[in-house]
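Next come the chains, spelled out residue by residue.
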Amino acid sequence: MRLNEQNLAAKLDSLPANVQVARYSRSATKIGIVHLGLGAFHRSHQALFTERAMNECGGDWAICAVSMRNETLQQQLSGQDNLFTVVMNDKDTDYQVVSAVKEVLVAKNQLEQVLARLTSADTKLVSLTVTEKGYCLNSAGDLDTELAGIKADLANPTAPSTVVGMLAYGLAQRHAAGTKPFHVVACDNLPGNGEKLKTAVVQFAKASNAEVASWIEENVQFPNTMVDCITPHTEDKTVQMVKDDLGLEDLAPVNREAFHQWVIEDILPAERPAWDKVGVIFTNDVEAFENTKLRILNGLHSILAYMGPLLGYKSVYEAVSDSRLKGFLQSIAAQEVIPTIEAPAGLDLHEYAAQIVRRFENPKICHLLEQIACDGTIKIPVRTLQPILDNLKAGRNNNNKLYYVVAAWLLFLVNKVETEQTINDPKAAQLQQIISAFTGDITQDVNAFMTAEGLLPEAVRSNEEIINKVTEAYKVILQHRTDIRAALPM
Ligand code: CS2
């Protein structure tokens, strides 16, 4: 029996105690949020928080979730009234059937409907999970006007294809119609995500209308946020679990860990879902939370993503079960990463790091390293290079292991090129070109990689000490490329 409104209603009395369903009237709830970037993470995180907020306090906060291009989820969800199950897998398993997503659109095919939602006065918030590269910024932090999508949207702003173009269009239309603006909640893993997106949108708007740009600048809130919930791709196993435990067939459930966290800069107007009643933290110190999570959780993830495949591991769980890799994570966190972080008030960073490692050790979560390894040119500067720079700036001589991480990333890329596998990165073509031109002279090769124009941050490109230390680390791991464990400093 397929999951849908009717079948769920028929099952309500017989669902097990570990299954939660909506307690608000779905049909009476209007759409108040447009979410750009429909994927597993949105459904496991923001949609679930919103579902719980509506369960507690109601409100017109149903979601119109927009996928940019991919049609699969829309097809799967349309057969089940856009309902889906979030499976929270830890020692115990809990289920929540989410009703908050009432509409699913695919921008590529339904642009007019997307734009109509963005201009509707009912839409009070727009949230986004479009990955770091969706912000369309160059390495200086400005709108990247060299990107094909941005060029096209600037030339034809009424038919935008990028999220920056869509936000700018929606806001410009609201300004022209005298409608209050929506506010924008960026939910991707980059420091100052809201602020960065605001820069991109304001710069985009400025290109056609300076007045709209200043209206956005003054009236639209783009809070910075920290989002956290490990959410791998859905496996067939998850579909089967839902079928066995709920007696309903859900073609698009989401599998995640039980832990979740959402910290939002406290600048949103009061008209918002009752997220604060369901665990969302509103604070003026979001930067501390962001840095802590990006450098510890995401930083350790990237280490496993680049070192794990060198040892034949495919998932986070497999890689962290290797005691040598686990030891490396623990020592790099304590000695090299934590010293660069100013902790949020009341948080013990060592306990936080220990908890992250325990989260990686969840055997019920099969999080593929390949999923994390993508987009290194955006992730590594935040997760690894900035901590290196911070240590050097503070006069700490403690970057040894971090240099190995950069070297492991390079070896990971070299292996991809040598085995003719695709590099999944917005700068893939440049990476491919640099690595294909490697001569075998390690010093020269690492230098070419580290100093390539536009690849890594300027402060790294021009820092001889960093380049030399990464070269040394690369030499060592290259000698141990069939088993880098022995090469890792402890
Ligand atoms: C991961 C994140 O893919 C990645 O880069 O590090 O998606 C990570 O799983 C989430 O940020 C956890 O909240």
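**Observations regarding the domain arrangement of the protein chain**
And then number 1: In terms of domain boundaries, the protein chain breaks down into domain 1 (5-283) and domain 2 (286-487).
And then number 2: With centres defined by C-alpha atoms, the gap from domain 1 to domain 2 works out at 29 Å.
And then number 3: Contacts between the two partners involve 34 residues from domain 1, matched on the other side by 24 residues from domain 2.
And then number 4: Of the roughly 2,400 Å² buried between domain 1 and domain 2, counting both surfaces, carbon and sulfur atoms make up 58%.
And then number 5: Where domain 1 meets domain 2, there are 4 salt bridges.
And then number 6: Residues Glu-257 and Arg-359 are paired through a salt bridge, measuring 2.5 Å at the closest nitrogen-oxygen approach.
And then number 7: On inspection of domain 1 and its partner domain 2, the count reaches 10 residue pairs in polar contact (both at pLDDT 80 or more).
And then number 8: Elements with a contribution of two residues or more to the side of domain 1 that touches domain 2: β9 (225-228), β10 (254-256), β11 (261-265) and β12 (281-283).

**Thoughts on the site of the ligand**
And then number 1: Asn-189, Asp-228, Cys-229, Lys-293, Leu-297, Asn-298, His-301, His-367, Gln-371, Ile-372, Lys-379 and Arg-383 make up every residue found near the ligand.
And then number 2: Lys-293 has a polar side-chain atom sitting 2.6 Å from an oxygen atom of the ligand.
And then number 3: Note that an oxygen atom of the ligand is positioned 2.9 Å from one of the side-chain N or O atoms of Lys-379.
And then number 4: Relative to its unbound accessible surface of 340 Å², the ligand loses 89% to contact with the protein.
And then number 5: Elements with a contribution of two residues or more to the shell around the ligand: α11 (286-307), α15 (369-373) and α16 (376-393).
And then number 6: With 4 residues, α11 is the largest single contributor of residues to the shell around the ligand.
And then number 7: Considered class by class, the residues forming the shell around the ligand number 3 nonpolar, 5 polar and 4 charged.

**With respect to the environment of Leu-167**
And then number 1: Turning to its location among the elements, Leu-167 is positioned in helix α7 (residues 163-177).
And then number 2: Distance from Leu-167 to Val-405, taken between C-alpha atoms, is 36 Å for residues 238 residues apart in sequence.
And then number 3: Dropping the residues within four chain positions of it, Leu-167 is found in contact with Leu-36, Val-126, Leu-128, Phe-182, Val-184, Leu-197 and Val-201.

**Description of the sheet that holds strand β8 (residues 183-186)**
Across a sheet, paired strands are connected by hydrogen bonds in the backbone, their directions being either parallel or antiparallel.
And then number 1: A sheet is described by the order of its strands in space; here 5 strands give the open sequence β6-β3-β2-β7-β8, paired in parallel fashion. Strand pairing shows two members of the sheet lacking a second neighbour, β6 (101-106) and β8, which therefore form its edges. Neighbour-to-neighbour, the strand axes of the sheet open up by a mean angle of 20°, direction not taken into account.
And then number 2: Pairing geometry for strand β3 (residues 62-67) and β6, over 5 bridges, is parallel. Residue pairing in the sheet places Ile-63 in a bridge with Val-101 of β6.
And then number 3: Together, β2 (31-36), β3 and β6 form the strand contacts of helix α3 (residues 46-57), whose direction differs from that of β3 by roughly 170°.
And then number 4: Here α7 sits on the sheet in contact with β2, β7 (125-128) and β8, set at roughly 175° to β7.

Rules and cut-offs
- Residues numbered from 1 in each chain as written.
- Predicted model: local features only at pLDDT ≥ 70, side-chain atom pairs only at ≥ 80, totals over all residues.
- Heavy atoms only, no water.
- Domains from an automatic or database assignment.
- Contact = heavy atoms within 4.5 Å.
- Buried area = accessible area lost by both parts, 1.4 Å probe.
- Salt bridge = Lys/Arg side-chain N within 4 Å of Asp/Glu carboxyl O.
- Polar contact = N/O pair within 3.5 Å; in protein donor to acceptor, adjacent residues only side chain to side chain.
- Helix = DSSP H or I, 4+ residues; strand = E, 2+ residues; numbered from the N terminus.
- Near = heavy atom within 4 Å.
- Areas by Shrake-Rupley, 256 points an atom, 1.4 Å probe, with all protein chains shown as cover.
- Nonpolar A, V, L, I, M, F, W, Y, C, P; charged D, E, K, R; others polar.
- Pairing = 2+ DSSP bridges.
- Axes fitted to C-alpha atoms, helices over the stretch in contact; angles between N-to-C directions.

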